[in-house]
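Secondary and tertiary structure notes
Read off the chains here:
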Amino acid sequence: QQGRLKDQDNKLSRDELLEAIRFGADKIFKSKDSSITDDDIDLILDAGKKKTQELNDKLQEAQKGDMLDFKLDGGISAQMFEGVDYSDAKTAQFQEDILGMIDMGKRERRTVAYNENQLYMQQMAQQGATQPKKKKQRKEIKLPRTMRLPRLEEWQMFDRTALNAIQEVEEQAFRALPNDVQLLACGMKVEKSAEEAKPSDEEQKSEDGPKDGEDTKAEDGKAASEEKKDDNKEDEIDLEETLSKLITDEQKAEKARLLAEGFSDWSRLHYSAFLKASAKYGRTNYVKIANEVGKPVSAIQTYSEAFFDEDFGKKRFSEHEYDRIVKIIEKGEKRIDDTKGLQRGTRVLISLFENPWVELQFTHYNMKDINKDKKFTPQEDRFLLCWAHKYGYGQWEAIKFAIRRSNHFRFDYFFKSLTVEAIGRRCEQLMRAAEKEVEAMEKLAIEEAEKEGRTLTPGEIKLPMFKESQAKKRAEQQTKFLEERATLEQNVVDIDEQIMQIQKALRDLEGNQTIDTFFKAKASTEIPEKLVGELANIIARMRSQSMVAITDEFLSKFPGKGSKKSIGQKIEAIGVKEKRAEEGDTAPYWYLRQEKDHLLTKTTKAHVKDSREARLAAAAEKSKKRKADEDAGGGNANGAIGPEGDFVEFPEYDGEEEPHENKKAFTLFCKATRRDVKNSLSPSSRKNKDRVNGMLKDRWYALTDDEKQVWKGWEVWDAKRYEYQSGIYEGRKEKKSKSSNSPSKADGPSIPKKSIPKKARKDSLGDGLSIPKKRKS
């Protein structure tokens, strides 16, 4: 082991040495069985002294020689060389003289003195002069211990400048007192002179004791000693009065006040604990600080108020020290405020969702900033944020155990193997994102209130629920879409008008029309009042056509009598397109406004009347037929009641191919809104199926219960449609099988036809998100 395990500190202590010396001594000295007497011990000691003396004598004789006296076995001496005996005294003396000349003597180290006084003293010493004796400096006598100030530490917040000034005045007054008074005040002995030190005759006699016949004198001595004690008491009283007059009463009161201001019972341990707890819990959390320091809450509050008072605490500390401490505490308080802000943002965001474990998402904050590595899925982020709200900020260990206990991540080994530090970092990122999300939503709420002329304070802001905000957002998007659509349609009308004007200009140029005539014709774009009646008759006859078709018909009859834009505006002014069930309409049709009916001719009125009667008759026949079909076919009518309560016909179906299976409400919703979702994206993003499907899913979750109920009604209607078409398909299939099983003899033996398998059809939600078919029982 090379001594590594050996005890490094092998020195014996004082007690161990004493115990080793005394070992067995008690047994010897306390033993009563031994026959050894003191005389025997003295003889033993004498014999030891004699033996020691003999050994010393032998050593002295041996010192006369040296290693040169060594002799070999042959009797040859080591000091015999070339016939010369160097052990002879004369030869040895000669050798010593020769060697003495070579010997340089002991080396003496010279000390260099840079001090002038010390150099002068050395020179005087070398010259043999006597050095002047130093005067003994008399040690200054300090104030008595009871009058001195206690140790004034910085954290105790005493006004040390004022107290030291008073102390200095008191010390100067004390030094002005006689030396005997100073020594008495400090409890030291007073040195008496030779005359005072010599006792008087009476004192000498009292010290020698009473002799025969001197009892009365002894009593007189006792009385004198008592008088002396009284004198000493009087001297003590005089001393106290003298010491009390060192400073004035005002200075005494000021000193007592200054000492009462400080916190003498606060040690460095209390002060360090106070600073750490203030930075950890905040300067106003007196209860938790008191638990850390170990003092009452009232004492902590008093010390804290004095410490953070710039007129008191800041003046009691050095400038740099006080600023350093306050910065540390402010840094801790800022960390506490940040934590509270994170917790508030998380709490507010989660409260906006009915089921945040499933629905929680960020709509205003860009999650790409924290999803650069793409390690965490949206589901993992939702659960982490909900757990952070449940257990609190900093409880990352509890969240780790919650991940391991959750059934949702049973096979998510990456998520289950995360360290506590990684979970803490991700939770903190999500909480910061939640805080920014809430700030953005509050900012929008304040801006909307300002537009309405209201002023909201932070406490009055009330954020809407997620479903409400999403419904409002969809309504705004729908309104914006309709406005843009109307703008585009108007642009198309304007472009058509410009094209027609250019065509007319070309025709006029071919007919040698002048420029003035061209501009006059271009300026006359309004419809003349005399042609409004013709336009009304065209609307009544072409009531099922579009506005563009009516405009083209009018311009074909009256070319150059107005622009398409003006004609369209006039059509909307005198007519309205709507669906009237009482008129037998199955779709919206054009109707003249009631005040414009006088513009119609008799022929047009008769045409309108005949067409209305025909529509009513057709509607009655259709209703009668549908009722008959329901009575005969057990409810297999060509239509069913829709979610809005009206009868909706099934699409035309010939029974050649197998009908499409009925869809769920979510699938029907996706089919209806997929085009709108794609139109809201850029051309490059439309091909991203995951993004489109994600937006469809978000829109579905954002629907209200009433809106979802509408799509569930369409789900019921689609199920009836599938049932109806399946009946037609099965009936046609049975007819085909019967016709194939009964071939005519003229045709000869039947040859089975090879069937070509059809291409498998996929029912999808749109653009790749497929739904498996139901298994038929």
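To be clear, the structure that these remarks concern was listed above.
Our subject in this report is the structure included herewith. Here the structure is a predicted model, which is why all the values come from computation and not from measurement. (Residues numbered from 1 in each chain as written. Predicted model: local features only at pLDDT ≥ 70, side-chain atom pairs only at ≥ 80, totals over all residues. Heavy atoms only, no water.)

1. Quick look at the overall build of the chain
Just so we agree on the cut-off: What counts as a helix is a DSSP run of H or I of at least four residues, what counts as a strand is a run of E of at least two, and both are numbered from the N terminus. Type-normalised accessible area, obtained with a 1.4 Å probe on protein chains alone, sets the label of each residue: buried when under 20%, exposed when over 50%, and partly exposed for intermediate values. Contacts are assigned to residue pairs with any non-hydrogen atoms lying within 4.5 Å of each other. The Shrake-Rupley method, run with a 1.4 Å probe sphere, supplies the accessible areas, and residue values consider only the shown protein chains as cover.
Scanning the chain from terminus to terminus reveals 30 helices and six strands. Evaluated residue by residue, the chain yields a buried proportion of 26% over its 777 residues. Sequence separation of at least 24 residues holds for 63% of the intrachain contacts in the chain that already meet a minimum separation of 6. Accessible area of the chain: about 58600 Å², with a carbon and sulfur share of 51%.

2. Regarding the packing of aromatic side chains
Heads up, the condition is: Two rings from Phe, Tyr or Trp (for Trp, the six-membered ring) form a pair when their centres sit within 6.5 Å of each other. Planes less than 30 degrees apart are called stacked, planes more than 60 degrees apart edge-to-face, and all others tilted. Counting as a charge over the ring demands two things of the Lys NZ or Arg CZ atom: a distance within 6 Å of the ring centre and an angle within 35 degrees of the ring normal.
In total, this model carries 28 aromatic pairs according to the counting rule given. Consider the rings of Phe307 and Phe317, whose centres lie 5.4 Å apart with planes at 85°: the pair is edge-to-face. Of the two residues, Phe307 sits in helix H14 (residues 297-307) while Phe317 sits in the loop between helix H15 (313-316) and helix H16 (319-351), which places them 10 residues apart along the sequence. Judged by its relative accessible area of 0%, Phe307 falls in the buried class. Through pairs of rings, three or more aromatic residues link up here, namely Trp155, Phe263, Trp266, Tyr271, Phe274, Tyr303, Phe307, Phe308, Phe317 and Tyr322. The ring of Phe312 is capped by Arg316, whose NZ or CZ atom sits 4.3 Å from the centre of that ring. Note that Arg543 overlies the ring of Tyr591, its terminal NZ or CZ placed 4.5 Å from the centroid.

3. A word on the packing of helix H13 (residues 286-293) against H14
How we decide: Lines fitted to C-alpha atoms define the axes, with helix axes restricted to the stretch in contact, and inter-axis angles between N-to-C directions lie between 0 and 180 degrees. Angle categories are assigned with fixed cut-offs, so that under 35 degrees is roughly parallel, over 145 is roughly antiparallel, 65 to 115 is roughly perpendicular, and the rest are oblique. Amino acid classes used here: Ala, Val, Leu, Ile, Met, Phe, Trp, Tyr, Cys and Pro are nonpolar; Asp, Glu, Lys and Arg are charged; the rest, including Gly, are polar.
H14 packs onto H13 with a crossing angle of 105° between their chain directions and a minimal axis gap of 9 Å. The angle between H13 and H14 falls in the class roughly perpendicular. Residues Tyr286, Val287, Ile289, Ala290 and Val293 of H13 form the contact with H14, whose participating residues are Val297, Ile300, Gln301, Ser304 and Glu305. When grouped by side-chain class, the residues that make up the contact of H13 with H14 number seven nonpolar, two polar and one charged.

4. A few points about the packing of helix H12 (residues 268-281) against H16
Where H12 contacts H16, the two axes come as close as 6 Å, and the packing angle between them is 35°. Residues Tyr271, Leu275, Ser278, Ala279, Lys280 and Tyr281 of H12 form the contact with H16, whose own contacting residues are Ile325, Ile328, Ile329, Gly332, Glu333 and Ile336. For the contact of H12 with H16, the residue count by class is eight nonpolar, two polar and two charged.

5. Thoughts on a negative patch on the surface
For the record, the criterion: A patch is a set of surface residues, each over 30% in relative accessible area and not in a salt bridge, joined within 9 Å for like charges and within 5 Å for the nonpolar side chains Val, Leu, Ile, Met, Phe, Trp and Tyr. The rule for a salt bridge is simple: a side-chain nitrogen of Lys or Arg has to be within 4 Å of a carboxyl oxygen of Asp or Glu. A residue counts as positive if it is Lys or Arg and as negative if it is Asp or Glu; His and the chain ends are not included. Charge positions are represented by NZ for Lys, CZ for Arg, CG for Asp and CD for Glu.
The grouping of Asp38, Asp39, Asp40, Asp42 and Asp46 at the surface amounts to a negative patch. Mapped onto the fold, Asp40 is located in helix H3 (residues 38-62). For Asp40, a relative accessible area of 33% corresponds to the partly exposed category.

6. A closer look at the pattern of salt bridges
For the structure on display, the rule yields 18 salt bridges. Linking Glu254 and Arg257 is a salt bridge whose minimum nitrogen-to-oxygen distance equals 2.6 Å. In this pair, Glu254 and Arg257 both sit in helix H11 (residues 249-261), three residues apart, roughly one turn of the helix. With relative accessibility at 30%, the residue Glu254 sits in the partly exposed group. Taking the shortest distance from any N to any O, the salt bridge between Glu261 and Arg257 comes out at 2.7 Å. With Glu261 and Arg257 both in helix H11 and four residues apart, this pair spans about one turn of that helix. Its relative accessible area of 23% is what places Glu261 among the partly exposed residues.

7. Points about a nonpolar patch on the surface
Residues Trp357, Val358 and Tyr701 make up a contiguous nonpolar surface patch of about 240 Å² in total accessible area. Overall, the relative accessible area of 31% leaves Tyr701 in the partly exposed class.

8. A look at the layout of surface pockets
The criterion, for reference: Buriedness for pockets is judged along seven lines, at least five of which must meet protein on both sides within 12 Å for an open set on the 1 Å grid over protein atoms alone, while cavities are sets there where a 1.4 Å probe fits but cannot get out, and lining residues have an atom within 4 Å of a point. Grid points are joined across faces, edges and corners, and a volume is the space filled by probe spheres set on the points.
Approximately 1700 Å³ is the volume attributed to the largest pocket. In terms of lining, the largest pocket is formed by 34 residues, of which the most central are Gln361, Phe362, Gly694, Met695 and Asp698. Of all elements in the fold, only helix H17 (356-359), helix H18 (378-391), helix H22 (466-510) and helix H29 (689-702) reach the threshold of two or more residues within the lining of the largest pocket. With nine residues, the single largest contributor to the lining of the largest pocket is H29. Taken as a whole, the second largest pocket holds about 650 Å³ of empty space. Around the second largest pocket sit 27 residues that line it, and Leu444, Glu448, Pro464, Ser469 and Lys472 are the ones nearest its centre. Elements represented by at least two residues in the lining of the second largest pocket include exactly helix H21 (420-451) and H22. With eight residues, H22 is the largest single contributor of residues to the lining of the second largest pocket. Looking at side-chain class alone, the lining of the second largest pocket contains 12 nonpolar, six polar and nine charged residues.

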